[in-house]
Structures are given as structure tokens and as C-alpha cells.
Amino acid sequence: MTSVSATSLIRRITPVLILMTSLCTVVQPAKADGHSAAAEAHIAAMIGSAKSLLATDFGDTATRTKQVTELLDTYFDFPGITRFSAGQYWRAASSAEKQEYELVIREVIIGTVLRNFEQLKGLEYSHVTSTEKGSKLVLVSGRFNDILGERPSVLVNWRVTTLPSKPVKILDIEIENISMLITQKQENIAIIRTNKGEFGALITAMRKKLDS
Amino acid sequence: MRHSVSMMSQKLINASVAFFTAVVAMLAVSGCSSLPENQRSDSRDPFETENRKVFAFNMSFDTYVVEPVADAYRTGLPRSGQRAIGNHIKWAGMPSTAINSAIQGKAENAGLATLNFLVNGLTLGFADLMEDETPIIKEDFGQTLAAAKVPEGSFLMVPFLGPRTMRSLIGTIGDMVMDPVGTLAGSGSLQSINQLRTPVAAVDFRARTFDAFNDVKYNSIDPYSRVRSIYFQTRSGMLEDRVSSTISSSYSDDEFDAFFEDES
């Protein structure tokens, strides 16, 4: 009697279970696709803007600086980059130090892009895949190929923030498994620690390097 | 008879290089006291003071020797020649990859590396005759030790070799000692090619990464800590078989998770 009831129970709940499982499989990716699609669209838009920037670049430093700055401001999360790169020392910094650091790290990043600007020419980007990292971050992966085939192709992972009620922005670029933001953060922390935890020492060192 | 004497001498050279490297590293480590944890700029780097001195030496050596040679190599040698040299260096590392993959139970990678070594051996690896697009993942003895759960040990900056952990340094020595290409090279021109391989590989690497390397060397505020960070991230990619992968490291995921937790 018990076995018959169990069998009939299994028969009854099986369609329900199948329905629930299929609903879950349908619902989850749809939610995931929302974030991923927004992040992928953001990267595609940034690549489009970068392409037209590169196409219209004639080597004029002032124009190039202006356009690169605009591009970075539009697509990158500078406030997030600023806080992340200062690590645990951000909280302890004074508001004057925070303001100064925000300016100086921005100059450092723009300077890095400008220094390597020529290397971006002749590259073609193709999207590979996207992976959601919780609800706030999407890892968008793509590949840069040299049109002439002289340089090896490079895999790039973009960390894109998808925070509620905030615009989608790029927080980090990972090139061949090396995160630019983590590298910057570890360098910054090393400088602060070798200067007995003084946040101001990092700002001074960065300013000195920029001025040199 | 002559062949076996030459094989012996090659092995002796390999062992001497390995021994020299080990002695230098051991002296560097034993001759210095480790920094207390709260004085380190990175908890994995207890010998930072000495490591920074070795780094300064390596950078001087790079400035006066490696960088100019690498610059001449990348600008003077035709692309096809650079590609052939790159292929040969990759080919010479195949036995090590095959052996270490086999020890780690990565049968497919071991098989592919063996096949690649045998097929491309027809041209000493200078031409890539393999049509198979399946990537061969480089495996070294340091990765084998990591797979066997040998602890990573401290971070070390080794003269000429650059950044290592204690475990990866032992791995490098292990790879040098059990390098079968050295034994197979025998004598004559093959042996000369084999002896030149290490310095040529260094120049080839420096040439391939010329602009990125110079950017770190000349434009970083603290090139030492930047190199250390890049080394750990690259090594973690190799240990987790994530080279050229769309999977992020668990370490970086943790870093970003912690950041968002702090923010909320």
C-alpha cells in the first residue's frame, strides 16, 4: 500500500518538478542575460568609439589627450577605480588626500593609455563570451587580433560594473590573466607600506613620477 | 665513447648551472633575516630588502645587456627568423611539458606535447609542422610540485632569472636537471644550439614583451612591486590552467567581492 502511494506520488509530482526545473532554467539565464547584454553592449559601444577615435587620430597630442580623456570618462568607472586602487588605505585617508588622489590616479591612467596609444592601432576586437560575477559585475571576454598578423592575439577580460540605478561602467581590464587594477592596487599598497602607512607618500610619489 | 663523454659534460653543465642558481638563491635567503610581517609591503615577500637589491642588479644587467640585444633582435631580425627561433624555444620545452603533464595525470596534454616534439623534431622545432590547433599548455616542474600540494614558499628575486617563489625556483632547477633535449643534443652543432638556448630564450622573451616590459621598467613608480604583482598573477594563471582563458582567478574574484562588500 505504502509503495503504491509512493509511486503515485512520484508520478504526480514528476510533471511539477519538470515544470519547475524548466522554469528555473528559463528564468535564470534570462536574468543573467540582462546584465550580460548590458555589459556587452557597453564594451561594443566603447570599442566603436575607440575605433573612430583611432581612425581620426593624426598624432596631435592635445587633441588625442582630449579625446582619450573623454572616452575614459564616458566608459570607465573612475570613482570605483580610485577607491579600489587605494585598497584599505582609502578609508583612513583625509578628504583632502582623497581629492588629491582622485586627480592624480586619473592622470596616471590617462597617461598610461596615451603612452600605449600607438599600440592600439591595427587591432581588431572580437567578442568571445560573458560571465556574470554576482549581480554587480560581469566579466566580458574578447580577443584583440593584429590585422597584419604580426603580433600574437591577446585575450582581454573586461570587468564591467552593473550596479542598480547606476550606469554600466568598466572597472578593470585583465590582459592575459593580469588585472591592471589589482596590479595598480598592489603597487600602491607597497608604496604606502614602505612609507609607514602614509597615504600622502603615495600621492607625492605619483605626482613626482608624473612631473618627471 | 666521445658521444657519451659529451653527454656527460652537457649534464654536468646543466647541473652546474642549476647548482649555481640554487647556491645564489640559498645564500641570498640564508644571509638575510626575514622582515616582520607588519613591515612587509607584501606578506609573501619576507626577504624584500635583499630582493630589491637583486632586482636593481637585474635591471642594470637588463639596461646594459639584455635590452640593447633584444632591441637589435626585434628590429634587425626578419619576422620569419624571430618566429623560427620562437618555435624552436617552444619545441625544446615540449619534453618538460610532456613529462610534467604525465606526472600530473594530464594525459592528453602529455600526448600532444610528445607528438609535437617528435613531429617538429624533424626541423629541430624551427618550423611548426603540426596542423592541430589544440593548444598545448606549458607545464613545468614547479607546477608539478604545486599539484602535489608542495607549499609555495617565499617570494625570491633570483639573479638573472628574475622573480620566483621558492617552489618555482626548485621547479626551474628540476627542469634544468631533467632536460632531455640537452642529453639528446649530444655534441657538435646540436650541442652549441642547445647551449645557446637559454640566453636566446631570454632575449626572445624580452623582445616579444619589449614595450610592455619597458613601460613597467621606466614608467612605474615602484617597478619592483609591479613586477612582483604581475609574476604572482601570471603564475596563478599557469597553476590554475587559465592561460589565455576567459575564466578569472579566484584571487581576483575575491578581491572584487571584498571591494563590493566594503562599498555596500
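Residue positions within a chain follow its written sequence, with the count starting from 1. Here chains are named by letter from A upward and ligands by number from 1 upward, in the order in which they appear as written. Selection of residues for local features in this predicted model requires a pLDDT of at least 70, selection of side-chain atom pairs for listing and counting requires 80 or more, and totals for whole chains, interfaces and linings are taken over all residues.

As for the overall build of chain B
Here's step 1: Secondary structure follows DSSP: runs of H or I at least 4 residues long count as helices, runs of E at least 2 residues long count as strands, and numbering of each begins at the N terminus. On a plain count of helices and strands, chain B comes out with 12 helices and 2 strands.
Here's step 2: Reading the helices (α) and strands (β) of chain B from amino to carboxyl end gives α-α-α-α-α-α-β-β-α-α-α-α-α-α.
Here's step 3: Whether a residue is buried, exposed or partly exposed is read from the other C-beta atoms within 10 Å of its own C-beta, which are placed from the backbone; 20 or more gives buried, 12 or fewer gives exposed, and intermediate counts give partly exposed. The buried share of chain B, reckoned over its 264 residues, is 33%.
Here's step 4: Each residue is represented by a C-beta atom placed from its backbone, and any two residues with such atoms within 7 Å are regarded as in contact. Here the analysis covers contacts within chain B between residues at least 6 apart in sequence; of these, 65% occur between residues at least 24 apart.

Considering the packing of helix α6 (residues 180-194) of chain A against helix α11 (residues 223-239) of chain B
Here's step 1: Angles here are taken between N-to-C directions and fall from 0 to 180 degrees, while the axes themselves are lines fitted to C-alpha atoms, restricted in helices to the stretch in contact. The interhelical angle for the contact between α6 of chain A and α11 of chain B, taken along N-to-C directions, is 140 degrees, at an axis separation of 8 Å. Classified by the interaxial angle, the pair formed by α6 of chain A and α11 of chain B is oblique. The handedness of the crossing between α6 of chain A and α11 of chain B comes out as right-handed. Contacts from Ile182, Thr183, Gln186, Glu187 and Ala190 of chain A of α6 of chain A reach α11 of chain B at Ser225, Arg226, Ser229, Ile230 and Gln233 of chain B.
Here's step 2: Broken down by class, the residue content of the contact of α6 of chain A with α11 of chain B amounts to 3 nonpolar, 5 polar and 2 charged. The scheme is simple: roughly parallel for angles under 35 degrees, roughly antiparallel for over 145, roughly perpendicular for 65 to 115, oblique for anything else. Crossings are sorted by hand: turned counterclockwise from the far helix by less than a right angle, the near helix makes the crossing left-handed, and turned clockwise it makes it right-handed. Throughout this entry, Asp, Glu, Lys and Arg are counted as charged residues, while Ala, Val, Leu, Ile, Met, Phe, Trp, Tyr, Cys and Pro are counted as nonpolar. The remaining residues, Gly among them, count as polar.

Description of the pairing of strand β1 (residues 123-133) of chain A
Residue and element names in this part refer to chain A.
Here's step 1: The criterion for strand pairing is that DSSP finds at least two bridges linking the strands in question. One ladder, built from 10 bridges, connects β1 with strand β2 (residues 137-146); its direction is antiparallel. Within the sheet, the bridge partner assigned to Glu124 lies in β2 and is Asn145.
Here's step 2: Linking β1 to β2, which pair antiparallel, is a turn of 3 residues; within it Gly134 sits at a positive phi near 75 degrees.

Details of the interface of chain B and chain A
Here's step 1: Of the residues lining the interface, 28 residues belong to chain B; the matching set on chain A comes to 33 residues.
Here's step 2: At the level of secondary structure, the elements contributing two or more residues to the side of chain B that touches chain A comprise α10 (210-219), α11 and α12 (250-263) of chain B.
Here's step 3: Per element, the largest residue contribution to the side of chain B that touches chain A is 7 residues, and it comes from α11 of chain B.
Here's step 4: Taken together, the residues of the side of chain B that touches chain A sort by class into 6 nonpolar, 13 polar and 9 charged.

Concerning helix α2 (residues 48-76) of chain B
Here's step 1: Two axes enter the bend calculation: one fitted to the seven residues ending at the residue in question, the other to the seven starting there, and the bend is the angle between them. A bend of about 50 degrees at Asp62 of chain B is the largest found in α2 of chain B.
Here's step 2: Three or more residues of α2 of chain B are buried, namely Glu48, Asn51, Val54, Phe55, Asn58, Asp62, Val66, Ala70 and Tyr73 of chain B.

Here's the deal with the sheet that holds strand β4 (residues 169-175) of chain A
Here's step 1: Taken together, 5 strands build an open sheet; the order of strands is β1-β2-β3-β4-β5 (chain A) and the sheet is antiparallel. Each having just a single partner strand, β1 and β5 (178-179) of chain A make up the two edges of the open sheet.

A word on the packing of helix α4 (residues 94-103) of chain B against helix α5 (residues 107-120) of chain B
All names here are of chain B.
Here's step 1: For the pair α4 and α5, the least separation of the axes is 8 Å and the interaxial angle reads 160 degrees. Comparing the axis directions of α4 and α5 gives the class roughly antiparallel. In this structure, α4 meets α5 at a crossing whose hand is left-handed. Counted together, Met94, Pro95, Thr97, Ala98, Ser101 and Ala102 of α4 and Asn109, Ala110, Ala113, Thr114, Asn116 and Phe117 of α5 form the full contact between these two elements.
Here's step 2: Split into classes, the residues belonging to the contact of α4 with α5 amount to 7 nonpolar, 5 polar and no charged.

Considerations on unusual backbone geometry
Residues and elements named next belong to chain A.
Here's step 1: You will see that Glu176, though not glycine, has its phi angle at about 45 degrees, which is positive.
Here's step 2: Inspection of the secondary structure assignment puts Glu176 in the loop between β4 and β5.
Here's step 3: A count of 16 C-beta atoms within 10 Å places Glu176 in the partly exposed class.
Here's step 4: In this model, Asn177 sits at a positive phi of 70 degrees, which is unusual for a non-glycine residue.
Here's step 5: Along the chain, Asn177 turns up in the loop between β4 and β5.
Here's step 6: Of the residues examined, Asn177 has 23 C-beta atoms within 10 Å and is grouped as buried.

Things to note about α5 of chain B
All names here are of chain B.
Here's step 1: Here α5 contains 14 residues, and its C-alpha end-to-end distance of 20 Å stays within 8% of the 20 Å for a straight helix at 1.5 Å per residue.
Here's step 2: Turning to α5, its buried residues number three or more, namely Asn109, Ala110, Leu112, Ala113, Asn116, Phe117 and Asn120. The arc that holds every buried residue of α5, seen down its axis, measures 165 degrees, which confines them to one face. Opposite the buried face of α5, by more than 90 degrees, sit the exposed residues Ala107, Glu108 and Leu118.
Here's step 3: Tucked inside the fold, the buried residues of α5 contact α3 (79-92) and α4. Helix span, expected: 1.5 Å multiplied by one less than the number of residues in the helix. Picture the helix axis, draw a direction to every C-beta atom, and the arc is the one those directions span.

Considering the pairing of strand β3 (residues 154-161) of chain A
Here's step 1: Bridge count between β2 of chain A and β3 of chain A: 8 bridges; the pairing is antiparallel. If you follow Leu139 of chain A over to β3 of chain A, its bridge partner there is Arg159 of chain A.

Quick word on the nonpolar core
Nonpolar side chains in soluble globular proteins tend to be buried together.
Here's step 1: Each nonpolar core consists of buried Ala, Val, Leu, Ile, Met, Phe, Trp, Tyr and Cys residues. Their C-beta atoms, within 7 Å, join them into a set. Of all hydrophobic cores here, the largest spans 29 residues; its most connected members are Ile43, Ile81, Val138, Val140, Val160, Ile170 and Leu202 of chain A.
Here's step 2: Take this core: its biggest share by element is 6 residues, from α6 of chain A.
Here's step 3: Ignoring any residue separated from it by four or fewer positions in sequence, one finds Ile81 of chain A in contact with Phe76, Ile105, Ile109, Leu171 and Leu181 of chain A.
Here's step 4: One finds Ile178 of chain A together with Val54, Phe155 and Val227 of chain B within the second-largest nonpolar core, a separate group that totals 13 residues.

What to know about the confidence of the model for chain A
Here's step 1: Confidence scores labelled pLDDT are given residue by residue by the predictor and lie between 0 and 100. For chain A, per-residue confidence averages 85 on the pLDDT scale, and residues scoring 70 or more make up 84% of the total.
Here's step 2: Overall, residues 1-7 of chain A carries pLDDT values under 50, and its contacts beyond four positions in sequence, including any with other chains, amount to 0 contacts.

With respect to the environment of Asn214 of chain B
Here's step 1: By secondary structure assignment, the location of Asn214 of chain B is in helix α10.
Here's step 2: For the pair Asn214 of chain B and Ala84 of chain B, spaced 130 residues apart in sequence, the C-alpha to C-alpha distance is 24 Å.

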